[in-house]
There are 2 protein chains.
Amino acid sequence: MNQINTRPGISITDNRASVWVWAPEAEKVSLKLNSKSLDLQKAERGYWHLTSDEINTGDKYKFSIDGGDELPDPASLSQPDGVHGSSEVIDLRAFAWKDANWQNPGLENYIIYELHTGTFTSEGDFRGIEAKLDHLVSLGVTAIEIMPVAQFPGERNWGYDGVFPYAVQNSYGGARGLQTLVDACHAKGLAVVLDVVYNHLGPEGNYFNGYGPYFTEKYNTPWGNAINFDDAGCDAVRHYFIENVLMWFRDFHIDALRMDAVHAIKDFSPVHILAEIKSSVDSLMQETGQKHYLIVECDLNDTRYINPIKKAGYGMDSQWIDEFHHALRITAGGEQTGYYSDFSGIDHLAKAYNDAYVYDGQYSPHRDKNFGSKATENGGEQFIVFSQNHDQVGNRMLGERSSELFSFEMQKLMAGAVLTSPYLPMLFMGEEWAETNRFMYFVSHTDPELAEAVRKGRKEEFAAFHAQGEAPDPMSEETYENSKLQWNSLSNDKHKLMLNFYRELIALRKSLPPLSKLSRKETKAVADTATNTLTLT
Amino acid sequence: MNQINTRPGISITDNRASVWVWAPEAEKVSLKLNSKSLDLQKAERGYWHLTSDEINTGDKYKFSIDGGDELPDPASLSQPDGVHGSSEVIDLRAFAWKDANWQNPGLENYIIYELHTGTFTSEGDFRGIEAKLDHLVSLGVTAIEIMPVAQFPGERNWGYDGVFPYAVQNSYGGARGLQTLVDACHAKGLAVVLDVVYNHLGPEGNYFNGYGPYFTEKYNTPWGNAINFDDAGCDAVRHYFIENVLMWFRDFHIDALRMDAVHAIKDFSPVHILAEIKSSVDSLMQETGQKHYLIVECDLNDTRYINPIKKAGYGMDSQWIDEFHHALRITAGGEQTGYYSDFSGIDHLAKAYNDAYVYDGQYSPHRDKNFGSKATENGGEQFIVFSQNHDQVGNRMLGERSSELFSFEMQKLMAGAVLTSPYLPMLFMGEEWAETNRFMYFVSHTDPELAEAVRKGRKEEFAAFHAQGEAPDPMSEETYENSKLQWNSLSNDKHKLMLNFYRELIALRKSLPPLSKLSRKETKAVADTATNTLTLT
């Protein structure tokens, strides 16, 4: 890409604004700002450009293509009035960082704490998180992982319905709020992982089709047509997401990205978009001297994703392994319905300890095919394990956490299983004190048809689980409020006990070299199915 | 696959028939044969099986699933009454081969002659081809490439509408006819390449959906849903096509397969189906001591397809490069419409000589993206070039060959360009004497709606070409008859002259080491755009 060396959208440098927008079919593109209309100039490869000193921080704007409806900027950095409103000009570089001495720890030292901004605290925003950092430091985790913050419709959403990948959710505190939080985390010695979604865009407030072929009909995903990473016009789409990655690292000092469901990124190009992202991040790291990690959620058990680029992999640093969770949950007595039907218990858990992937070539009845590849050559830090996470809790019809499903002692055993593994452990917010509130699925779409479709979709999804009771209404504010952590639980002895247990366990993991050095080759799990016992040596 | 170690369909061994069919959703599968109904037994993974001595060569049969309509066998070896009729039991192993001394030549010695069975001779069948082998031997080509022969609807089809990948078109002479032809080719020192289609199945007589999930909705191709190579149930589909490859090599003594449009094979498995085919063929070659090659038509300029498996490639031996053709045609004065718009002439031709791919990373305006990868490490025998082929001729609205589009002397120059390249040359039937009959697109669907859709589709396809005149009717028998070679042309001096020119040129290529050894590194093309001259050193 010679045509556009900077981020799409509006950037401010020395009081001068640079505007880039991709609209390859357009004959005319105008910037509607305050009461002005500024015409952009056609550049190469479908881009339109303008530099102007009439554009200032705080200005609200939209674009009009060929004189049509005014649309928000697909690379908007701020949507102060929500997904359908105007975009706002902000200057990401204006933040005064105080983290010059921060060093991203080695990935092997990551102990991750996944949280959802809206429900982590009663405030439901970045400031709320900041107020709880001391709790996290004393717990002993070394990184927080923030569920997606890209602007979504309304104020209640897990984050996977984001439609402005460059704009930080206004109700959480926007870009400035996130920068402040990251700075505060670094001051307290915590790394920050940000969850980002590059496999689809949400259904409401999605104005991309008004600009260009961001989607392709070549591939279908669970969320409709796939994002266009290899069809005509794909270079601009690739550039859009690569620049997004670079923005989080460069302008928000994010330490690692967790890329959502990368198996739904369909790309048959000679260089897969993930490999191109990796190369771009390598260049950035060369330039800045800062380390950044790329973590993927991937449902394919395919080491191609985490193998180095020189071995024809995509070069991702680490990936989630849900299969460890599934095996652990069945071992703990969880029901074998739905996707759990592939997992038999302690022998599979032992396999996850030993081989990372439970299915590494065998026939999977649930998937009805031979599934997976062998991960023999991959290091322990390349796999992230957990006994619960937002999906495994929230995708249950009722959103029950382990606290409701397993005994107190079993919860401790599950925590032990995760924290003694030769992989990177991850906790889900509140599990450290056995939070009893559920974490339910919630949205706040403003389009009534869509809201109804979401309700219906949720119901259909649970056919395989045969769960009892009525599904909570995802649109209801109550569902959201009831999903929030109850910090006052910590005055209760039982919850304090669990918190202390987690603290001790984490401290133990850090202090004992056999636990902290993640040597897969020196760790061996042996299952005794008769006694349902697993021995780690 | 432990469940089925043999070919699907019906095989005869020692007068006993073994029947395998995949019908994963079925409760009951019956074989309807003569006036009998034999129930199959359920085996693992959705397969159904039967061994019986009540089934004999020549018997006609269908299957009934759960008591429903009787359907032909998806792995039928013979469809004597066409695509909608019964399947026929035949014994592929009964043929008495006389080619024990045949040795498949090194791929670098292949000089390929592409032909279409129906239009190569007035007979329009395998016997017709056999009668012309002496012509081909005296021409000097070393291999014939037969356009697809899998059973298609009616008697007129290029072959890409085949719906029984295991059955040889009855009107061509069926399985026995093909075996006889291959044996005759080997006796005359000619190798046989067979064109096979693994990226889609034809629209008429396609009974696959009655059996199982042979298709997946995950991916869309120009021909509808993609064949299921990586979705639930894919193992049986993969097995089906792998066994098909092995059948051609083992039971038909085919020397190489040319796999059609493999870019439309969508497979995100850890092991791509082409790589799995390669491994299976490697095992077969170990077993039999015979060499077999895998050639692909691929529109991606991605060396992953032709790189060895140990370098994370798919291990294909060779691939077509249409770009050489496109550059050559523009250099020769061809019109720059449609996909030719990406090609500028002699500089691109020089690039094809030097780099194989014209686009190896640059921006392609026609594709509207950066396109291709560098093929620096791939040998000359990994690329097949031509100045015309069935597609480049027949996909023109009127089907004009080079003989009609270029001067006599220019045709000679184009032949020279192909036969002096450091790649494998391929001729299209009749070009050696500048055949004047067109090679048009023809079908003989029996479904009237489909026939109309094909007519309509053809017209839309030519929008970009702005070709003059009326499109020939693909359904008309006249279109087919007028596409046949006119062998009596050879009594004409001009055609004789061209034939002699080709003979001399091929003989020259074989006798001169700089031409025959395909050393890409020692061949260098330099273009002089001012004089439209290319120098090979």
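Note that the coordinates shown come from a computational prediction; the quantities given were computed from them, not determined experimentally. (Residues numbered from 1 in each chain as written. Chains lettered and ligands numbered in written order. Predicted model: local features only at pLDDT ≥ 70, side-chain atom pairs only at ≥ 80, totals over all residues. Heavy atoms only, no water.)

> Just checking my understanding: could you explain the overall build of chain A for this structure?
Counting secondary structure elements, chain A contains 15 helices and 25 strands. Relative to a compact globule of 537 residues, whose C-alpha radius of gyration would be 24 Å, chain A shows 23 Å and is just as compact. Looking at chain A residue by residue over its 537 residues, the buried ones come to 63%. Within chain A, residue pairs in contact and separated by at least 24 positions form 72% of the contacts whose partners lie at least 6 positions apart. Between the mean site of the 49 positive side-chain charges and the mean site of the 75 negative ones, chain A shows a separation of 4 Å. (Helix = DSSP H or I, 4+ residues; strand = E, 2+ residues; numbered from the N terminus. Rg over C-alpha atoms; globule rule 2.2 N^0.38 Å. Buried < 20%, exposed > 50% of the residue type's maximum accessible area, 1.4 Å probe, protein only. Contact = heavy atoms within 4.5 Å. Lys, Arg positive; Asp, Glu negative; His and termini not counted. Charge placed at Lys NZ, Arg CZ, Asp CG, Glu CD.)

> When you look at the state of the cysteines in this model, what are you seeing that I'm missing?
Put plainly, two cysteines are in a disulfide when a covalent bond ties their sulfur atoms together. With the rule as written, the count across this model stands at zero disulfides over all chains. Between A:Cys298, a cysteine without a disulfide, and B:Cys234, which holds the nearest cysteine sulfur, the sulfur-to-sulfur distance is 16 Å. For A:Cys298, a relative accessible area of 7% gives the class buried. (Disulfide = S-S within 2.5 Å.)

> Where do I start with the interface of chain A and chain B in this structure?
For interface size, the figure often reported is the accessible area lost on association. Counting residues at the interface gives 26 residues for chain A and 26 residues for chain B. Taking both sides of the interface into account, the surface hidden between chain A and chain B amounts to around 2,400 Å²; carbon and sulfur atoms contribute 48%. The tally of links between chain A and chain B comes to zero salt bridges. The interface formed by chain A and chain B includes 15 residue pairs in polar contact (both at pLDDT 80 or more). It is strand E15 (residues 215–221) of chain A that provides the largest number of residues to the side of chain A that touches chain B, a total of four residues. (Buried area = accessible area lost by both parts, 1.4 Å probe. Salt bridge = Lys/Arg side-chain N within 4 Å of Asp/Glu carboxyl O. Polar contact = N/O pair within 3.5 Å; in protein donor to acceptor, adjacent residues only side chain to side chain.)

> Looking at this structure, I do not really get the relation of the copies chain A and chain B. What am I missing?
Each copy of the chain is related to the other by a rotation around an axis and a translation along that axis. By a simple turn and slide, chain A fits onto chain B: the slide is 0.0 Å along the axis, the RMSD is 0.0 Å, and the turn is 180°. Taken together, these values place the two copies in the relation of a two-fold axis. Within chain A, the C-alpha atom positioned nearest to the axis of rotation is that of A:Tyr219, 2.3 Å from it. Residue by residue, 100% of the interface of chain A is reproduced at the interface of chain B, so both copies engage with the same surface. (Least-squares fit on C-alpha atoms with pLDDT ≥ 70 in both.)

> Where do I start with the packing of helix H7 (residues 322–331) of chain A against helix H8 (residues 346–355) of chain A in this structure?
When two helices pack together, their arrangement is given by the angle between the helix axes and the distance between those axes. Residues and elements named next belong to chain A. Here H7 crosses H8 at 150°, and the two axes come no closer than 8 Å. As summarised for this structure, H7 and H8 are arranged roughly antiparallel, according to the angle between their axes. Viewed along their axes, H7 and H8 form a crossing whose handedness is left-handed. Contact residues: Phe324, Ala327, Leu328 and Thr331 in H7; Ile346, His348, Leu349, Ala352 and Tyr353 in H8. For the contact of H7 with H8, the class distribution of residues is seven nonpolar, two polar and no charged. (Axes fitted to C-alpha atoms, helices over the stretch in contact; angles between N-to-C directions. Parallel < 35°, antiparallel > 145°, perpendicular 65-115°, else oblique. Left-handed = near helix turned anticlockwise from the far one by under 90°. Nonpolar A, V, L, I, M, F, W, Y, C, P; charged D, E, K, R; others polar.)

> Explain the nonpolar core to me, please; I cannot follow it from the model alone.
A general feature of soluble globular proteins is that nonpolar side chains tend to end up buried together. Residue and element names in this part refer to chain A. If you look at the biggest cluster of nonpolar residues, it comprises 148 residues, and the most contacted ones within it are Leu31 and Trp248. For this core, the element with the highest residue contribution is helix H5 (residues 234–252), accounting for eleven residues. Taken together, domain 1 (9–94) and domain 2 (111–196 + 260–266 + 295–522) each give at least three residues to this core, which thus spans both. When residues no more than four places from it in sequence are discounted, the contact partners of tryptophan 248 are Val149, Pro165, Val168, Leu178, Leu194, Val196, Tyr198, His253, Ile254 and Leu257. (Core = buried A, V, L, I, M, F, W, Y, C linked by side-chain atoms within 4.5 Å. Domains from an automatic or database assignment.)

> Where do I start with the sheet that holds strand E10 (residues 112–115) of chain B in this structure?
Backbone hydrogen bonds are what pair the strands of a sheet, in a parallel or an antiparallel way. Residue and element names in this part refer to chain B. Overall, parallel pairing links the eight strands, which are arranged E10-E11-E14-E17-E18-E19-E22-E23 in a closed barrel. Each neighbouring strand pair of the sheet contributes to a mean axis angle of 30°, computed without reference to strand direction. Judged from the two bridges that link them, strand E18 (residues 293–296) and strand E19 (residues 318–320) form a sheet pairing that is parallel. Bridged to isoleucine 295 within E19 is serine 318. This element, helix H5 (residues 234–252), spans strand E14 (191–196), strand E17 (256–259) and E18 of the sheet and lies at about 145° to E17. (Pairing = 2+ DSSP bridges.)

> Which parts of the structure should I look at to understand the environment of A:Val262?
Residues and elements named next belong to chain A. The residue valine 262 is located in the loop between strand E17 (256–259) and helix H6 (273–288) in this model. Note: C-alpha distance between valine 262 and glutamate 297 (35 residues apart in sequence) is 6.1 Å. Every residue in contact with valine 262, bar those within four places of it in the chain, is listed here: Leu274, Val296, Glu297, Cys298 and Tyr305.

> Just to check I follow, could you spell out the packing of aromatic side chains for this structure?
The relation between two aromatic rings is expressed through the spacing of the ring centres and the mutual angle of the planes. Residues and elements named next belong to chain A. A complete count under the given rule lists 70 aromatic pairs over all chains for this structure. Between the aromatic rings of tryptophan 248 and phenylalanine 252, the centroid separation amounts to 4.8 Å while the plane-to-plane angle is 50°, which identifies the pairing as tilted. Of the two residues, tryptophan 248 and phenylalanine 252 both sit in helix H5, four residues apart, roughly one turn of that helix. Relative accessible area serves as the criterion here: at 0%, phenylalanine 252 is assigned to the buried category. (Phe/Tyr/Trp six-rings, centres within 6.5 Å; stacked < 30°, edge-to-face > 60°.)

> What should I look at first to understand the sheet that holds strand E11 (residues 143–146) of chain A in this one?
Residue and element names in this part refer to chain A. Strand order in the closed barrel made by the eight strands is E10-E11-E14-E17-E18-E19-E22-E23, with parallel pairing throughout. Across this sheet, the average inter-strand angle for adjacent strands is 30°, counted without regard to direction. Relative to E11, strand E10 (residues 112–115) runs parallel, the two sharing four bridges. Bridge pairing links leucine 115 to isoleucine 146 in E11. This element, H5, spans strand E14 (191–196), E17 and strand E18 (293–296) of the sheet and lies at about 145° to E17.

> How do you make sense of the pairing of strand E6 (residues 47–52) of chain A when you look at a structure like this?
Regular strands show a simple pattern: their side chains alternate between the two faces of the sheet. Residue and element names in this part refer to chain A. Here strand E2 (residues 16–22) runs beside E6; their pairing, made up of six bridges, is antiparallel. Paired with serine 18 across the two strands is threonine 51, which belongs to E6. Direction of pairing for strand E5 (residues 41–42) relative to E6: antiparallel, over a ladder of two bridges. Within E6, the residue paired with lysine 42 across the bridge is tryptophan 48. From the end of E5 to the start of E6, which pair antiparallel, there are four residues, and arginine 45 there has a positive phi angle of about 55°.

> Explain the domain arrangement of chain A to me, please; I cannot follow it from the model alone.
Residue and element names in this part refer to chain A. Here chain A is partitioned into domain 1 (9–94) and domain 2 (111–196 + 260–266 + 295–522). Taking the mean C-alpha position of each, domain 1 and domain 2 sit 36 Å from one another. Contacts between domain 1 and domain 2 engage 15 residues on the former and 14 residues on the latter. When domain 1 packs against domain 2, close to 990 Å² is buried across both sides, 61% of that on carbon and sulfur atoms.

> Explanation requested: the environment of A:Met414 in the structure shown.
Residue and element names in this part refer to chain A. With respect to the helices and strands, the residue methionine 414 is situated in helix H11 (residues 408–419). Distance in space between the C-alpha atoms of methionine 414 and serine 387 is 6.2 Å, their sequence separation being 27 residues. The residues contacting methionine 414, other than those within four sequence positions of it, are Leu328, Ala332, Ser387, Ser402 and Phe406.

> Mind showing me how you'd approach the pattern of salt bridges here?
On inspection of all chains with the given rule, the structure shows 63 salt bridges over all chains. Across the salt bridge formed by B:Asp317 and B:Lys278, the nearest N and O atoms sit 4.0 Å from each other. With a gap of 39 residues between them, B:Asp317 in the loop between E18 and E19 and B:Lys278 in helix H6 (residues 273–288) connect regions that are remote in the sequence. Overall, the relative accessible area of 13% leaves B:Lys278 in the buried class. Salt-bridge contacts for B:Glu409 lead to B:Lys412; the nearest nitrogen and oxygen are separated by 3.5 Å. Separated by three residues within a single helix, B:Glu409 and B:Lys412 lie in helix H11 (residues 408–419), roughly one turn from each other. Each of A:Glu145, A:Asp195, A:Arg258, A:Asp260 and A:Glu297 takes part in a single network of salt bridges with overlapping partners.

> How do you make sense of unusual backbone geometry when you look at a structure like this?
Residue and element names in this part refer to chain A. Located in the positive-phi region is asparagine 15, a residue other than glycine, with phi close to 65°. For asparagine 15, the position within the fold is in the loop between strand E1 (9–13) and E2. Despite not being glycine, asparagine 34 shows a phi value in the positive range, around 50°. Its location among the elements puts asparagine 34 in the loop between strand E3 (29–33) and strand E4 (36–39).

> Hey, could you run me through helix H4 (residues 174–187) of chain A in this one?
Because the α-helix completes a turn every 3.6 residues, residues three or four places apart line up on one side. Residues and elements named next belong to chain A. Spanning 14 residues, H4 covers 20 Å between terminal C-alpha atoms, matching the ideal 20 Å at 1.5 Å per step. Across the 14 residues of H4, eleven count as buried, placing the element largely inside the fold. Of the residues making up H4, those classed as buried are Gly174, Ala175, Gly177, Leu178, Gln179, Leu181, Val182, Asp183, Ala184, Cys185 and His186. Looking at the buried residues of H4, the elements they touch are helix H2 (126–131), helix H3 (133–139), E11, strand E13 (164–168), E14 and H5. (Expected span 1.5 Å × (residues − 1).)

> How do you make sense of the packing of H4(A) against H5(A) when you look at a structure like this?
Residues and elements named next belong to chain A. H5 packs onto H4 with a crossing angle of 60° between their chain directions and a minimal axis gap of 10 Å. With respect to H5, the element H4 is oriented oblique. Contact with H4, carried on its side by Ala175, Leu178, Gln179 and Val182, involves Trp248, Asp251 and Phe252 of H5 and no other residues of that element. When its residues are assigned to classes, the contact of H4 with H5 shows five nonpolar, one polar and one charged.

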